[in-house]
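So you can see what is in the structure, the chains are spelled out below.
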Amino acid sequence: MNLAVTSTGTNEGLTISTKNSGNLSLTTGTTGGNIGLDMAGSHRIYVSGAQTQILAGARSVTFAPSLVFTGATGSNLTASTEATIVSYNMGALQNHATGALALQRDFSISPASHSFTAASTITDAATFAVNGAPVGSTNATITNAHAIYVPSAALTNTTNGYGLTINASTGATNNYAAQFLGGNVGIGTTTPTNLLTIAAGSVSTPALSFGDTGTGFYRTALNQVGVSAAGLNVATFSGSGEAVSFLNNLSGATNAQIGLTNNGTTITRTVSDANPALTVSQASAGSTGDILDLKNSGGVVASVSQAGVATVANLINNGVTASTFAYFNGSKQLSSGSVTAPLTFNTGTGALGISQATSLGDGYLSSTD
């Protein structure tokens with residue numbers, strides 16, 4: 001059955017009105033059927049079975065959007081109650097036939113293709129754009145305004161849940177996953193103070209990790225950054241006051257630690273075993289340089305050569321003075337020695353001597369004595 005305007009006029013309208021609060025319904029038969037809203041012979045809204053289609057008409061010499069929704073002003077809205085303007089409720093159960101499914105998108109937007117009648121450039125093209133966060137108007141104060149907000153949801157029967165996934169495109173000269181422009185970014189914090197601010201983390205779960213949960217960087221204290229490996233602190237770097245910077249052995253600070261303090265550098269080992277606290281290795285057979293040089297502001301004051309020869313500019317130990325001489329005792333320690341007559345000791349050359357015996361004093365005997 002057709003309902004048509006048969007007037008002889010060029011353009012005639014058709015209005016279907018209900019009475020008072022009565023409803024207007026377009027209903028198909030019990031065995032099914034389609035409902036369509038056509039314009040100039042083409043479908044604009046078409047309902048068929050389980051699908052509803054909105055089909056825009058062709059555009060020419062116009063920049064007007066193909067689909068426009070304009071929200072109405074809200075007044076006297078219920079206090080302390082969220083007043084959503086547009087709601088898409090896709091919470092109905094979708095029961096699939098048995099079989100693995102690689103990707104399921106509940107809401108999908110396909111991008112447009114753009115062309116020009118002659119060479120032209122679009123500086124920024126977007127498939128989806130949000131023109132800003134909500135704005136507070138009269139008597140309204142917004143604490144946190146979000147242009148896009150994804151709240152937490154309780155998932156079931158799910159291995160990995162993500163709040164946001166962005167994959168880089170392919171085919172462009174440069175393909176990027178994301179860019180954040182014009183402000184600071186916070187991870188684990190709602191008040192980022194720098195371009196990228198990350199929450200402190202800990203030695204076992206560092207804020208910035210590399211491939212596993214216990215290896216990376218974390219904040220140990222004010223103005224201090226720690227480095228962890230396998231959940232243990234291997235280094236602490238500080239930039240304030242008397243706080244120290246440490247490099248720790250992976251097995252713990254007692255096994256080996258280098259401390260950088262305001263008083264100098266210390267190497268510490270507190271394990272009771274036969275291993276040295278410091279080993280300096282010059283492993284190259286072709287090297288001719290010293291294994292170790294100790295310097296002051298004037299240059300090298302002590303060194304150990306490749307052959308193991310130790311050279312010291314000045315030795316003072318165990319009471320060695322200008323009037324005595326030094327020797328290594330049974331413990332291989334430098335000790336002070338002295339001589340008694342008739343032996344003599346030259347403090348200038350370090351030579352030991354003995355004079356010839358006379359009738360007045362002891363000494364050595366010559367062949368003529």
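Structure shown above.
Residues numbered from 1 in each chain as written. Predicted model: local features only at pLDDT ≥ 70, side-chain atom pairs only at ≥ 80, totals over all residues. Heavy atoms only, no water.

> How should the overall build of the protein chain be read in this particular structure?
Of regular secondary structure, the protein chain possesses zero helices and 19 strands. Expected size for 369 residues packed as a compact globule is a radius of gyration near 21 Å; at 45 Å, the protein chain overshoots this value by more than 25%. Taken along its principal axes, the extent of the C-alpha atoms in the protein chain is 165 × 55 × 50 Å. Out of the 369 residues in the protein chain, the part that is buried amounts to 8%. Pairs at least 24 apart in sequence give 3% of the contacts found in the protein chain among residues at least 6 apart. Looking at the protein chain as shown, the accessible area adds up to about 30,900 Å², and 53% of this sits on carbon and sulfur atoms. Taken as two groups, the 8 positive and 12 negative side-chain charges of the protein chain have centres that lie 17 Å from each other. (Helix = DSSP H or I, 4+ residues; strand = E, 2+ residues; numbered from the N terminus. Rg over C-alpha atoms; globule rule 2.2 N^0.38 Å. Buried < 20%, exposed > 50% of the residue type's maximum accessible area, 1.4 Å probe, protein only. Contact = heavy atoms within 4.5 Å. Areas by Shrake-Rupley, 256 points an atom, 1.4 Å probe, with all protein chains shown as cover. Lys, Arg positive; Asp, Glu negative; His and termini not counted. Charge placed at Lys NZ, Arg CZ, Asp CG, Glu CD.)

> Would you mind showing me how to read the sheet that holds strand S1 (residues 34–39) here?
The strands making up a sheet associate through backbone hydrogen bonding, with each pair oriented either parallel or antiparallel. The three strands lie next to each other as S1-S2-S3, forming an open sheet whose pairing is antiparallel. In this open sheet, the two edge strands, each paired with only one partner strand, are S1 and strand S3 (51–54). Each neighbouring strand pair of the sheet contributes to a mean axis angle of 15 degrees, computed without reference to strand direction. Looking at chain direction, strand S2 (residues 42–48) and S3 are connected through four bridges and run antiparallel. What sits directly across from Tyr46, in S3, is Gln53. (Pairing = 2+ DSSP bridges. Axes fitted to C-alpha atoms, helices over the stretch in contact; angles between N-to-C directions.)

> I would appreciate a short explanation of the sheet that holds strand S14 (residues 299–304) in the present structure.
The strand order across the open sheet formed by three strands is S13-S14-S15, and the pairing between neighbours is antiparallel. The open sheet has two edge strands, strand S13 (292–296) and strand S15 (310–312), and neither has a second partner. Taking the axes of each pair of neighbouring strands and ignoring which way they run, one obtains an average angle of 25 degrees across the sheet. Pairing between S14 and S15: three bridges, direction antiparallel. Looking at S15, one finds that Ser303 is bridged to Thr311.

> What exactly am I supposed to notice about unusual backbone geometry here?
Most peptide bonds take the trans configuration, and most residues that are not glycine carry a negative phi. Residue Pro342 is bonded to the preceding Ala341 through a cis peptide linkage, with omega at 15 degrees. As for its position among the elements, Pro342 is in the loop between strand S17 (334–337) and strand S18 (343–345). Of note, the phi angle at Ala40 is positive, near 50 degrees, even though the residue is not glycine. Summarising the element assignment, Ala40 is placed in the loop between S1 and S2. Not every positive phi belongs to a glycine, and Asn223 is a case in point at roughly 60 degrees.

> Would you mind showing me how to read the pattern of salt bridges here?
Pairing is possible between side chains of opposite charge, provided their charged atoms come close. Applying the stated rule across the entire model yields one salt bridge. Between Arg269 and Asp273 there is a salt bridge; the shortest N-O distance is 2.5 Å. (Salt bridge = Lys/Arg side-chain N within 4 Å of Asp/Glu carboxyl O.)

> In this structure, what is going on with the pairing of strand S9 (residues 232–238)? I would like to understand it.
Regular strands show a simple pattern: their side chains alternate between the two faces of the sheet. With six bridges joining them, strand S8 (residues 224–229) and S9 adopt antiparallel strand pairing. Its bridge partner lying in S9, Val227 is registered against Ala235. Hairpin connection between S8 and S9: a loop of two residues separates the two successive antiparallel strands, and Ala230 in this loop has a positive phi of roughly 55 degrees.

> I'm lost on the environment of Ser335 in this one. Help?
Looking at the element boundaries, Ser335 is found in strand S17. Judged by its relative accessible area of 11%, Ser335 is buried. C-alpha separation for the pair Ser335 and Leu3, spaced 332 residues apart in sequence, amounts to 125 Å.

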